[in-house]
Amino acid sequence: MTDFNGLGLHLGNLSRLSHAQTRSISPENFTGEKGKGGMSTDGPAANAARGLGQGWKVSPYIIVQPGETVDLADISGAGAIQQIWMTLARGKWRHTILRAYWDNQEQPSVECPAGDFFACGWESYAQVTSLPVCVNPGRAFNCYWEMPFRTRARMTLTNLSTDAIYVYYQINYTLTEVPEDVAYFHAQFRRTNPLPFKTDYTILDGVKGQGHFIGTYMAWGVNNSGWWGEGEIKFFMDGDGEFPTICGTGTEDYFCGAYNFDPGAMVRALDRDLSATPAYVEFTTPYAGLPQVLRPDGLYRSQQRFGMYRWHIVDPVRFETDLRVTIQALGWRTDKDRRYLPLQDDIASTAFWYQTLPTAPFPALPDKDYLEVI
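On a predicted model such as this, the values are computed, not experimentally measured, just so you know. Sequence order as written defines the numbering, with residues in each chain counted from 1. In keeping with the predicted nature of the model, local features appear solely for residues at pLDDT of at least 70, side-chain atom pairs appear and are counted solely at 80 or more, and the whole-chain, interface and lining totals rest on all residues. For the side-chain quantities, the full set of heavy atoms in the structure was used; hydrogens and water were omitted.

1. Looking at the nonpolar core
Note on soluble globular proteins: their nonpolar side chains tend to be buried together. If you look at the biggest cluster of nonpolar residues, it comprises 57 residues, and the most contacted ones within it are Leu72, Ile81, Met86, Phe117, Phe118, Met147 and Phe185. Here the element with the most residues in this core is strand β12 (residues 165-175); it accounts for 5 residues. Only heavy atoms matter for contacts: two residues are in contact if any of them lie within 4.5 Å across the pair. With residues up to four places along the chain from it excluded, the contact list for isoleucine 81 reads Ile75, Trp102, Trp145, Glu146, Met147, Phe149, Met155, Ile171, Asn172 and Tyr173. Listed in part, the 34 residues of the second largest apolar core include Trp227, Tyr280, Val293 and Val317. Each nonpolar core is a collection of buried residues, namely Ala, Val, Leu, Ile, Met, Phe, Trp, Tyr and Cys, held together in the definition by side-chain atoms within 4.5 Å. Only protein chains enter the accessibility calculation, which uses a 1.4 Å probe; a residue whose area is less than 20% of its type maximum is buried, one above 50% is exposed, and one in between is partly exposed. Here a strand is any run of E in DSSP of at least two residues, a helix any run of H or I of at least four, and the numbering for each starts at the N terminus.

Laid out in structure tokens, this is it:
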């Protein structure tokens, strides 16, 4: 994290003093104002607090009705959001849309379903233990991406579900000066289901301005048998044409795994030891992980599904004018010639990056039926 006027601290500078102001928004203090927390007398838990009164957890959550958009935070001034904690009761994670607007832009710089934003894209809890994102027992979403702003920060939540959702949340931020060379946080969700044959999946496109790419989360649903992750990720930047500047070597390689995420793969291949049992192995680390593998159950849950993240925290992909990111969906045919098989999978992604404003318009978010995880 950067260190300026208390905007970002790490172990090496945690003891340094700053005149930055710490504030926090939650249902117990919707504005984050100094000395205004815990004042509710008519919050949704007022009945539970009867006999105790004001100050006794009267407003710990909000209720968002179907089709409703609410402001989670609307902050004036300069500073940065430093941490978000959230948990959702009822509703669907894919139908709960987070958006963030910086410095009075009409175009959101963040637009993403809540589950995918927190690296849990399959409507199902998975432990995630990484530096910028943690998902902890009890379905607790935590985000530590630094989100600077210079005049205003507005974060909204939209409920596309047919059910009301109960939203518990806390947004911790600082008010302080923001230097000129600090960029704005962005996150964009996409889904293609199924991917057309012989077509690369687009993670990100249309980015204009200077910035750096900081991470990818993918919720990948497989529609074929066999290994599915031979495809290469490609970063096209600063005027690249047909060929990219950065080209990876395979999907599991990009997500910092190897050999199909299967420890026995090379034992079987090289040592001819067929007793090594095939198995995907989940892992979660500070910078990369495969925290979720949803396996078929032999009945209605027929497809394998994977959740993977890769954070470019110490190795950001920097660009000066433009950026496009794609990945191939590639498996193997069963013929003797060992040919690749272009796949037609169900792929969703969230791209994370910093850039200068203005934010280019995002592709229209699909409707709730297309978004839905079934």
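2. Comments concerning the pairing of strand β22 (residues 322-327)
Within β22, 5 of the 6 residues are buried, which leaves it mostly tucked inside the rest of the structure. Here, strands pair whenever DSSP counts at least two bridges between them. Sheet topology places strand β14 (residues 201-208) next to β22; 5 bridges connect them, and they run antiparallel. Looking at the pairing, valine 207 lines up with leucine 323 of β22. Here strand β16 (residues 233-237) pairs with β22 via 5 bridges, running antiparallel.

3. Details of a nonpolar patch on the surface
Only residues whose relative accessible area exceeds 30% and that form no salt bridge enter a patch; like-charged residues are grouped when within 9 Å of one another, and nonpolar side chains (Val, Leu, Ile, Met, Phe, Trp, Tyr) when within 5 Å. Method for areas: the Shrake-Rupley scheme with a 1.4 Å probe, in which residue coverage is limited to the protein chains shown. The term salt bridge refers to a pairing of a side-chain nitrogen on Lys or Arg with a carboxyl oxygen on Asp or Glu at a separation within 4 Å. Judged by side-chain polarity, Leu131, Tyr287, Ile313 and Val314 come together as a nonpolar surface patch covering roughly 360 Å² of accessible area. Structurally, the position occupied by isoleucine 313 is in the loop between β20 (305-311) and β21 (317-319). By relative accessible area, which is 35% here, isoleucine 313 ends up partly exposed.

4. Focus on empty space enclosed by the protein
Grid points spaced at 1 Å and placed over the protein atoms alone form the basis of the search, with a cavity being a set where a 1.4 Å probe fits but cannot get out and a pocket an open set showing protein on both sides within 12 Å along at least five of seven lines. Lining residues have an atom within 4 Å of a point. Grid points are joined across faces, edges and corners, and a volume is the space filled by probe spheres set on the points. Considering all chains together, one arrives at 2 cavities of 30 Å³ or more under this definition. If you go around the largest cavity, the residues you meet are Gln188, Asp205, Gly206, Val207, Lys208, Trp353, Gln355, Thr359, Ala360, Pro361 and Phe362. Among the elements of the structure, β14 and β25 (346-355) are those that each provide at least two residues to the lining of the largest cavity. Counting residues per element, the lining of the largest cavity draws most heavily on β14, which supplies 4 residues. Just so you know the grouping, Ala, Val, Leu, Ile, Met, Phe, Trp, Tyr, Cys and Pro go in nonpolar, Asp, Glu, Lys and Arg go in charged, and all remaining residues, Gly too, go in polar. Here the lining of the largest cavity is composed, by residue class, of 5 nonpolar, 4 polar and 2 charged. Around the second largest cavity sit Ile84, Leu98, Arg99, Ala100, Val110, Phe117, Met147 and Met155, which together line it.

5. Topic: the sheet that holds strand β17 (residues 246-247)
With antiparallel pairing, 4 strands are arranged side by side in an open sheet as β14-β22-β16-β17. Of all strands in the sheet, those with a lone pairing partner are β14 and β17, marking the two edges.

6. A few points about the environment of glutamine 188
For glutamine 188, the position within the fold is in strand β13 (residues 184-192). Sequence separation between glutamine 188 and threonine 350 is 162 residues; the distance between their C-alpha atoms is 5.4 Å. Residues in contact with glutamine 188, not counting those within four places in the same chain, are Glu111, Ile203, Leu204, Ser349, Thr350, Ala351, Trp353, Phe362 and Pro363. At 2.6 Å, the side chain of glutamine 188 forms a polar contact with the side chain of arginine 190. Pairs of N or O atoms within 3.5 Å make up the polar contacts considered here, provided that, within protein, one atom can donate a hydrogen while the other can accept it, and that residues adjacent in sequence are counted only when both atoms are side-chain atoms.

7. Some words on the packing of aromatic side chains
To describe a pair of aromatic rings, you give the distance between the ring centres and the angle between the ring planes. A pair of Phe, Tyr and Trp rings is counted when the ring centres sit within 6.5 Å of each other, with Trp represented by its six-membered ring. The angle between the planes then sorts it: under 30 degrees is stacked, over 60 is edge-to-face, the rest tilted. One pass over the structure, following the stated rule, counts 26 aromatic pairs. Residues tryptophan 227 and tryptophan 228 carry aromatic rings whose centres are separated by 4.9 Å and whose planes lie at 45° to one another, so their mutual orientation is tilted. Each member of the pair tryptophan 227 and tryptophan 228 is classed as buried. Pairing tryptophan 227 with tyrosine 280 gives two aromatic rings, centres 6.4 Å apart and planes at 35°, and the pair type is tilted. Of this pair, tryptophan 227 sits in the loop between β15 (211-221) and β16 while tyrosine 280 sits in the loop between α3 (265-270) and β18 (283-284), and the two are 53 residues apart along the sequence. Take tyrosine 280: its relative accessible area is 16%, and that puts it in the buried class. Directly above the ring of tyrosine 101 sits arginine 154, whose terminal nitrogen or CZ lies 5.2 Å from the centroid. Any Lys NZ or Arg CZ that is within 6 Å of a ring centre and within 35 degrees of that ring's normal is treated as a charge sitting over the ring. The ring of phenylalanine 236 has arginine 324 sitting right over it, with the charged end atom 3.9 Å from the ring centre.

8. A closer look at the pattern of salt bridges
A full pass over the atoms with the stated rule returns 9 salt bridges. The partner of arginine 154 in a salt bridge is aspartate 71, with the nearest N and O atoms 3.1 Å apart. Of this pair, arginine 154 sits in strand β11 (residues 152-159) while aspartate 71 sits in strand β3 (residues 69-76), and the two are 83 residues apart along the sequence. Arginine 154 sits in the partly exposed class, given a relative accessible area of 26%. Of the charged contacts in the structure, one is a salt bridge between glutamate 372 and lysine 92, with a shortest N-O distance of 2.5 Å. Of this pair, glutamate 372 sits in the segment after α4 (368-371) while lysine 92 sits in the loop between β4 (79-89) and β5 (96-102); the two residues are 280 residues apart in sequence, bridging distant segments of the chain.

9. Side note on the environment of serine 59
When you line up the elements, serine 59 lands in the loop between β1 (21-25) and β2 (62-64). Along the chain, serine 59 and aspartate 346 lie 287 residues apart, while their C-alpha atoms are 40 Å from each other. If sequence neighbours within four positions are ignored, serine 59 has contacts with Pro27, Glu28, Phe30, Ser40, Gly43 and Pro44. At 2.8 Å, the side chain of serine 59 forms a polar contact with the backbone oxygen of proline 27.

10. Section: unusual backbone geometry
Both trends apply: most residues other than glycine have a negative phi, and most peptide bonds are in trans. Residues asparagine 193 and proline 194 are joined by a peptide bond in cis, for which omega reads -5°. Residues other than glycine seldom take positive phi values, yet asparagine 260 does so here, at roughly 70°. Of note, asparagine 260 is situated in the loop between α2 (251-254) and α3. The backbone phi angle of phenylalanine 261 is positive, close to 55°, even though this residue is not glycine. As for its placement among the helices and strands, phenylalanine 261 is situated in the loop between α2 and α3.

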